[in-house]
Amino acid sequence: MSDDQPHRPDTPLLDRIAGPADLKSLSDAQLTQLAHELRAETVSAVSETGGHLGAGLGVVELTVALHAVFEAPRDKIIWDVSHQSYPHKILTGRRDRMRTLRQKDGLSGFTKRSESAHDPFGAAHSSTSISAALGFAVARDLGGAIPEGTGDSIAVIGDGAMSAGMAFEAMNNAGHLGKRMIVILNDNEMSIAPPVGALSAYLSRLYAEKPFQDLKAAAKGAVSLLPGPFREGAKRAKDMLKGMAMGGTLFEALGFTYLGPIDGHDMDQLLPILRAIRARATGPVLLHVLTTKGKGYAPAERADDGGHATARFDVLTGKQKKAPSNAPSYTSVFGETLARLAAADDRICAVTAAMPDGTGLKLMAERFPSRCFDVGIAEQHGVTFSAALAAGGMRPFCAMYSTFLQRGYDQVVHDVALQGLPVRFAIDRAGLVGADGATHAGSFDIGYLSSLPGMVVMAAADEAELVHMVATAAAHDDGPIAFRYPRGEGVGVELPETPEPLEIGKGRIVAQGGRVAILSFGTRLAEVRKAAESLAVRGINPTIADARFAKPLDEAMILKLAEDHEALITIEEGSVGGFGSQVAQLLADRGVFDHGLKFRSMVLPDQFIDQAGPAEMYDAAGLNAAQIEARVLDVLDVAAITGRRA
Ligand SMILES: Cc1ncc(C[n+]2csc(CCOP(=O)(O)OP(=O)(O)O)c2C)c(N)n1
Ligand SMILES: CC(=O)[C@@H](O)[C@H](O)COP(=O)(O)O
Ligand SMILES: [Mg+2]
């Protein structure tokens, strides 16, 4: 499309964009218009699907400018977390599928290699983009051959993601290697919650202090972009700006050329500076752009979280269309119980890694601000920090999503379990989580925790059990203890008046039956009950037990179940290597299998399960009532053929 070709308002530019190559023929003015249309399309799509709105709105201009200047997929544009990648997906041939976002068989809510060549690296867990970009840059220089080739390597990372140690590990290495690569720091002064930490304050100083304001105009954009006569003056101003405040930026100390800060919504700044970087960069470059989370859509801009995550909503009013809740969320039950216990015990404190709302610690933070710590996106630090809080005489609750605790696993082993320190792990989003899909599944914590000596591992079967497990953890000073619970609402049982500690290692019989015993760990218990109702119609009444503990197991209860039944079935919202494996180990060690017990362990399948509704995902995983019933019938048929146990 030529510059002089007038843009006919009746045909939106976005309708003519099949892929990023189509941006190359647009004028700068048309690119600005395209950004306007892209923002509207992003709001429209997310209003129908729900999802991460604010971050994407904050990078609309940046996305257009990157795809206009660079040549994806040869140039690798790698989005950190990639919750902000919806505009990128729209421009890279997926506009027609945007309304399948985060749904079964639909588009992922994050970048995904298998979804598009324009997604060179998958994401969703924060702070991986610089490592990935460096990897591509080194592969390029080593002659790594891939179909689309490798040109520039660009990481787009937010100020929140930049607070993770991994980002600095990568920058340190990139600065050392000196490879040409580009980091774009998308600084909107927001994480999910307002950002925390010294880095956030540092970044603010880069562009907020009075002297900076005066000089900013002079240093606007990259010095080298200015016409000759202005260049020297601006360079002096910029050096003064940097030298005056901090003797060069943190990023330059790590070996990067630092450019900015510039207005990340101003195409007249973005386009020339990106073109200059593309034309002239010889080593690692960091471009600091200032943006607004939720930019251009007032309800998102006004929201406390910048519109970070939203249900489906009415575009005109911004009113979210949330399904009515029938029971409190597990998260809120945890948060309220913890705050209640903390009121009576000033040793109780809490640690979150940038997820105060998601983990339900907001109430704790409001009531006991001196005992609630948001460490930023820094799970490794959060775990070891909790370990030392325990060593220092506190009762720390380290509240993290199962999937994000994976980031701090060595610290769980090395700093907590090995030293037997009484850290309490409140593990939210246990099991399959729904729209966030495989990257956020809490599939592995049972296995990775119950294999640790001295670790106590619990799972709440419902919200009432969760209340008691919080109390159990609070009272447990003998060593580390973890309790897990799923995303979403409870089952609607009455909450106990008083949180009562459970006896460590003791399960409970929920229903007495015969022939088959079903031993549940966690909230699959509700599905087991449903299966039992259907089995009762067939005259089959299994014994149902809630294990409560994967470690230590209630050995007496389990061995008795094995003794009194032809078949024992375990079920959990976790992968192989967890609860069922612990039970199998016990039965094997005690020689129980020598006497013919039929044993089945129902676990998540050995595969990553893509996003869908949670019930759909558990269907795919084979862990819903119908599949439980089928397993009982199967094992009974086998028992019937071979007759009763010897
Ligand atoms: C390891 C890890 N911890 C926590 C999260 C949850 N999380 C998703 S986005 C986000 C905030 C990211 O802030 P920033 O990088 O500034 O991006 P913005 O949303 O502001 O564009 C967090 C904490 C995550 N994705 N990965
Ligand atoms: C992008 C990210 O990692 C978080 O926003 C995450 O999606 C939150 O998950 P919940 O919606 O379960 O709190
Ligand atoms: Mg941010």
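Residues numbered from 1 in each chain as written. Chains lettered and ligands numbered in written order. Predicted model: local features only at pLDDT ≥ 70, side-chain atom pairs only at ≥ 80, totals over all residues. Heavy atoms only, no water.

- The name that an unreviewed UniProt entry assigns to the protein chain is 1-deoxy-D-xylulose-5-phosphate synthase, with the source organism given as Pukyongiella litopenaei.
- Turning to the protein chain, the UniProt record has this under Pathway (unreviewed entry): "Metabolic intermediate biosynthesis; 1-deoxy-D-xylulose 5-phosphate biosynthesis; 1-deoxy-D-xylulose 5-phosphate from D-glyceraldehyde 3-phosphate and pyruvate: step 1/1."
- Note on the protein chain: under the UniProt heading Subunit (unreviewed entry), the record states "Homodimer." (UniProt positions renumbered as here; feature names shortened; annotations may be inferred.)

### Describing the site of ligand 2
Piece 1. Neighbouring ligand 2 are His52, Val81, Phe110, Ile192, His308, Tyr401, Phe404, Arg429, Asp436, His440 and Arg487.
Piece 2. Between ligand 2 and the protein, one listed contact pairs an oxygen atom with a side-chain N or O atom of His52 at 3.0 Å.
Piece 3. Take His308: an N or O atom from its side chain is 2.7 Å from an oxygen atom of ligand 2.
Piece 4. Split by residue class, the shell around ligand 2 holds five nonpolar, three polar and three charged. (Near = heavy atom within 4 Å. Polar contact = N/O pair within 3.5 Å; in protein donor to acceptor, adjacent residues only side chain to side chain. Nonpolar A, V, L, I, M, F, W, Y, C, P; charged D, E, K, R; others polar.)

### Topic: the packing of helix α15 (residues 379-391) against helix α17 (residues 409-417)
Piece 1. With their axes 9 Å apart at the nearest point, α15 and α17 run at an angle of 15 degrees to one another. Classified by the angle between their axes, α15 and α17 sit roughly parallel to one another. Like other packed secondary-structure pairs, α15 and α17 cross with a definite hand, here right-handed. Every residue of α17 that contacts α15 at Gln380, Val383, Thr384 and Ala387 is listed here: Gln411, Val412, Asp415 and Val416. (Axes fitted to C-alpha atoms, helices over the stretch in contact; angles between N-to-C directions. Helix = DSSP H or I, 4+ residues; strand = E, 2+ residues; numbered from the N terminus. Parallel < 35°, antiparallel > 145°, perpendicular 65-115°, else oblique. Left-handed = near helix turned anticlockwise from the far one by under 90°. Contact = heavy atoms within 4.5 Å.)

### Some words on the UniProt feature "binding site: Mg(2+)" (unreviewed entry) in the protein chain
Piece 1. Within this numbering scheme, the UniProt entry marks Asp159 and Asn188 as carrying the feature "binding site: Mg(2+)" (unreviewed entry). In terms of the greatest pairwise C-alpha distance, the residues named above, spread along 30 residues, form a tight cluster of at most 6.9 Å across.
Piece 2. Within the secondary structure layout, Asp159 lies in the loop between β2 (153-158) and α6 (165-177).
Piece 3. With near-sequence residues (within four places) excluded, Asp159 lies in contact with Leu185, Asn186, Asp187, Asn188, Glu189, Met190, Pro195, Leu199 and Leu203.
Piece 4. Mapped onto the elements of the fold, Asn188 is located in the loop between β3 (181-187) and α7 (198-208).
Piece 5. Its relative accessible area of 12% is what places Asn188 among the buried residues.
Piece 6. Ignoring anything within four residues of it in the chain, the contact list for Asn188 reads Asp159, Thr291, Thr292 and Lys293. (Buried < 20%, exposed > 50% of the residue type's maximum accessible area, 1.4 Å probe, protein only.)

### Looking at the coordination of the magnesium ion (ligand 3)
Piece 1. Donor atoms from the polypeptide that bind the magnesium ion (ligand 3) are Asp159 (OD), Asn188 (OD1) and Met190 (O), placed at 2.0 to 2.1 Å.
Piece 2. Binding-site remark: the magnesium ion (ligand 3) is held by donors from one chain whose sequence spacing is D-x28-N-x1-M. With Asp159 in the loop between β2 and α6 and Asn188 in the loop between β3 and α7, the pair connects residues that are 29 residues apart, well separated along the chain.
Piece 3. With a relative accessible area of 7%, Asp159 lands in the buried category. (Donors = N, O, S within 2.8 Å, 3.2 Å for Na, K, Ca; no water.)

### Here's the deal with the domain arrangement of the protein chain
Piece 1. Along its sequence, the protein chain is organised into domain 1 (14-209 + 248-302), domain 2 (330-484) and domain 3 (508-636).
Piece 2. Domain 1 and domain 2 are separated by 32 Å when their C-alpha centres are compared.
Piece 3. With 19 residues of domain 1 in contact, the opposing surface of domain 2 contributes 16 residues.
Piece 4. Surface buried jointly by domain 1 and domain 2 totals about 1,300 Å² across both partners, of which 56% is contributed by carbon and sulfur atoms.
Piece 5. Three residues stand out in domain 1 for area buried against domain 2, namely Arg102, His125 and Val196, and they jointly supply 39% of the buried area on that side.
Piece 6. The interface formed by domain 1 and domain 2 contains one salt bridge.
Piece 7. Ionic pairing is found between Arg102 and Asp436, a salt bridge with its closest N-O pair at 2.8 Å.
Piece 8. Here domain 1 and domain 2 share five residue pairs in polar contact (both at pLDDT 80 or more) between them. (Domains from an automatic or database assignment. Buried area = accessible area lost by both parts, 1.4 Å probe. Salt bridge = Lys/Arg side-chain N within 4 Å of Asp/Glu carboxyl O.)

### Overview of the sheet that holds strand β1 (residues 76-79)
Strand-to-strand pairing in sheets goes through backbone hydrogen bonds, with the strands running parallel or antiparallel.
Piece 1. In space, the five strands of this open sheet follow the order β1-β2-β3-β5-β4, with parallel pairing throughout. Only two strands of the sheet have a single partner each, and these edge strands are β1 and β4 (257-263). Across the sheet, the mean angle separating the axes of adjacent strands is 20 degrees when strand polarity is ignored.
Piece 2. Two strands pair when backbone bridges link them, and β1 and β2 are joined in this way by four bridges, in the parallel orientation. By the bridge assignment for β2, Ile78 is matched with Ala155.
Piece 3. Sheet strands touched by helix α11 (residues 267-280): β3, β4 and β5 (284-290). Its angle to β4, the strand with the most contacts, is close to 165 degrees. (Pairing = 2+ DSSP bridges.)

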